[in-house]
Amino acid sequence: MRVRFVVSMSIMALVGGLWGVAQVKDFRPVTEAMLRNPAPGDWLNWRRTDNAWGYSPLDQINRQNVQQLQLAWSWAMDDTGSQQATPLVYDGIMYLPNPRGVIQALDAATGDLIWEYRPGVAPARAPAPTGGGEQTDIPRLAQQPATAGAGDGGRGIQRNLAIYGDRIFGTTNDAHIVAVDARTGTLVWDTAVADSRLGYEYTSGPIVVRGKVIAGMTGCTRYKEDVCFITGHDAATGKELWRTSTIARPGEPGGDTWGDLPLAFRAGSDAWIPGSYDADTNLVYWGTAQAKPWARAVRGTDEAALYTNSTLALDPDTGRMKWYFQHIPGETLDMDEVFENILVDTGGRKSLFKMGKLGILWQLDRTTGAFIRSTDLGYQNILDVDQHTGKVAYRPGKIPQVGVELDFCPSTAGFKSWRAMAFSPQTNAVYIPINLNCEIATFGRGAAERVLGGGGVGPVRRKNTKHPTSDGQLGEFLALDIRSGKILWRHRTPSPSNTAALATAGGLVFGGDWDRHMYAYEAATGKVLWQTRLPTSAQGFPITYLAKGKQYVAMPAGIGGGSWSTLIPVELAPEIRRPNSGNALLVFALPGGSGSPRESQTR
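Residues numbered from 1 in each chain as written. Predicted model: local features only at pLDDT ≥ 70, side-chain atom pairs only at ≥ 80, totals over all residues. Heavy atoms only, no water.

The strand order across the open sheet built from four strands is β18-β19-β21-β22, with neighbouring strands paired in antiparallel fashion. Two strands bound the open sheet, and with one partner strand each, they are β18 (276-278) and β22 (321-326). Neighbour-to-neighbour, the strand axes of this sheet turn through a mean angle of 20°, independent of strand direction. Here strand β19 (residues 283-287) runs beside strand β21 (residues 310-314); their pairing, made up of four bridges, is antiparallel. (Pairing = 2+ DSSP bridges. Helix = DSSP H or I, 4+ residues; strand = E, 2+ residues; numbered from the N terminus. Axes fitted to C-alpha atoms, helices over the stretch in contact; angles between N-to-C directions.)

Below, the structure written as structure tokens:
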């Protein structure tokens, strides 16, 4: 690990672009208390709050007036990588992650650029040095050409940022964590966490808990002398404070679940989606991905392969694992369970809800990790879950063998992916973006030989199909009551649902599809109350916020998005076309000036 400090703004000419000389005025540092309980008009965390609800208490835009939504402003983003952004908004300023580690600060009411941080590119113009510190030569590798990355068809993804104090924290595709000044975009520190030449990278940004910047590593597909991990860093300096492996090492607890495979040939368990936090339990909850290569027969073990496809509960101060729950031990069909952890108290239990590619909603006790129950949407045909123990059993004929054709639902793209669910306390429902698809596949060994640099996911000859109960549709957006497990409503579309869900106190849920639609649903009934068309696919994590007393809804649009976006609709709905460029943010509001007096006082 290398920590690089920047103490003079002139250094930006060497290590990163700082475009424009404007700065955020009257900035107030973000405290721990603010992060744990954000102001109603702010969006301070990945899913707004630590519990990952993706829910806003704003109701200026509601069921009665949402039909009046109109475009307020838009912003063209970098087109050099996949766009899956979550903007942050604090006190009327939007901090926007772009592909390739670019961070921008915009006026959230107008879309005007305040500053831009661009790593590895010399600025066209930078402010004069402010003095007061030693200038340090900090070499930095240029951003690399796009190749395959976790959960997507290209590297350079930056799903989210974090904010704390007077700094914005981001991650890069060359396995660095950076801190920039929230007022000016000046680079404050830059920590190289792992060697990107071994494949390590970040595709999601960090979260901040108790002064620790916590991030999960990905890029663990190929064999190397180490594994994936989650790290905690001092927010002030970038110094690494702890590192927790997401794969059980030989000789450690759980190490025998990989059989006799040495560490170098234990791959996968990437931690590529941000975690959640519960201040009451003081635990961070993080998901891990499947083992690599995907098929047991190719990777060389039939055992559980801890801690793949698990939910991990970590102490944020030490990284110590307090408990884990492995959803699918020995998973063998690329059925990820790495996704968001939604924290809800229900039925007298402090619960954690999670859904992976199979479309099974898991409910765990988030204090102990004990299994409570699972709710299957009824679309998958791969395995069964024992409702008393939570243990899974593969159905006959669903464990792949090399060279043998296998028909299964979902495809390796999954019914559910990184497009996060939202939870509304008004309806006690989660809102889930779905892709209804299956696959006929033949797994092979190919180049997945057991040598350093080998491995990978393993070759798969693949034919995608629409789900037999989909009525010819690919997309579905559905509401599920978390108490009863009952599906409340569903809305199907010809192309996949392609964004995270956003729920609001206005009785609304927002989402979007691959065919460039953005929808506002009535949360209780699923009725489409408003829709519009975007320049390219709705894609990323929509948010809502207040700026100058007025509520806005921001929807990202863009390219990339993994096989869910780049393969499934192209193959199964060729009549639908989307532009292959156009990363952007579209921001909508009601006509007129600022919001109601009550909502203007939320700060």
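Anyway, onward from the coordinates.
Counting 78 residues, the largest nonpolar core has Tyr95, Ile163 and Tyr545 as the members making the most contacts within it. Considering each element in turn, this core owes the most residues, six residues, to strand β42 (residues 584-589). With residues up to four places along the chain from it excluded, the contact list for Tyr545 reads Gly41, Leu58, Trp73, Val89, Met94, Ala108, Lys550, Gln551, Tyr552, Ala554 and Val587. Counting residues in hydrophobic clusters, the runner-up holds 35 residues, among them Leu361, Met421, Ile482 and Ala505. (Core = buried A, V, L, I, M, F, W, Y, C linked by side-chain atoms within 4.5 Å. Buried < 20%, exposed > 50% of the residue type's maximum accessible area, 1.4 Å probe, protein only. Contact = heavy atoms within 4.5 Å.)

Tracing the backbone through its elements, the reader meets Pro459 in the loop between β32 (437-443) and β33 (460-466). C-alpha separation for the pair Pro459 and Pro293, spaced 166 residues apart in sequence, amounts to 8.8 Å. Excluding residues that lie within four positions of it along the chain, Pro459 makes contacts with Thr442, Phe443, Gly444, Arg445 and Gly446.

Counting buried positions along β21 gives five out of five residues, so the element sits mostly inside the fold. Side chains Ser310, Leu312 and Leu314 project from β21 onto one buried face, and the interleaved Thr311 and Ala313 project onto a second face that is buried too. Count of turn residues in the β21/β22 antiparallel hairpin: six residues, of which Gly319 carries a positive phi of about 80°.

Here we take up a negative patch on the surface. Side chains of Asp256, Asp260, Asp302 and Glu303 sit close together on the surface and give a patch of like negative charge. Examined against the element boundaries, Asp302 turns out to sit in the loop between α3 (296-299) and β21. (Patch = residues over 30% accessible without salt bridge, like charges linked within 9 Å, V, L, I, M, F, W, Y side chains within 5 Å. Areas by Shrake-Rupley, 256 points an atom, 1.4 Å probe, with all protein chains shown as cover. Salt bridge = Lys/Arg side-chain N within 4 Å of Asp/Glu carboxyl O. Lys, Arg positive; Asp, Glu negative; His and termini not counted. Charge placed at Lys NZ, Arg CZ, Asp CG, Glu CD.)

Position of Thr191 relative to the elements: it lies in strand β12 (residues 187-192). By relative accessible area, Thr191 is classed as buried at 0%.

Before going further, it helps to examine the sheet that holds strand β39 (residues 528-533). An order of β3-β36-β37-β38-β39 is seen for the five strands of this open sheet, with the pairing classed as mixed. The open sheet has two free edges, formed respectively by β3 (55-56) and β39, since each of these has just one partner strand. Relative to strand β36 (residues 502-504), β3 is paired through two bridges, and the arrangement is parallel. Across the sheet, residue Ser56 finds its bridge partner in β36, namely Thr504.

So, on to empty space enclosed by the protein. Following the criterion strictly, the structure yields three cavities of 30 Å³ or more and no others. Its boundaries defined by the atoms lining it, the largest cavity holds a volume of some 100 Å³. Lining the largest cavity are 13 residues; nearest its centre among them are Asn45, Thr49, Asp50, Ile207 and Gly275. Examining the composition of the lining of the largest cavity, we find that three residues originate from one element, strand β13 (residues 207-209), more than from any other. Tallied by class, residues from the lining of the largest cavity come to six nonpolar, four polar and three charged. Counted as a void, the second largest cavity has a volume near 40 Å³. For the lining of the second largest cavity, the secondary-structure elements that each account for two or more residues are β9 (162-164) and β13. (1 Å grid on protein atoms, 1.4 Å probe; cavity = no way out; pocket = protein on both sides within 12 Å on 5 of 7 lines; lining within 4 Å. Points joined across faces, edges and corners; volume = space filled by probe spheres on them. Nonpolar A, V, L, I, M, F, W, Y, C, P; charged D, E, K, R; others polar.)

Attention shifts here to unusual backbone geometry. Here Lys292 and Pro293 are connected by a cis peptide whose omega angle stands at -15°. For the peptide bond that leads from Cys409 to Pro410, omega is 5°, which places it in the cis range. Mapped onto the elements, Pro410 comes out in the loop between β29 (405-408) and β30 (422-424). Even without being glycine, Asn309 reaches a positive phi, approximately 45°. Note that Asn309 resides in the loop between α3 and β21. Phi at Arg516 is positive, roughly 75°, even though this residue is not glycine. Examined against the element boundaries, Arg516 turns out to sit in the loop between β37 (508-512) and β38 (517-522).

Read these as geometric descriptors, not functional statements.
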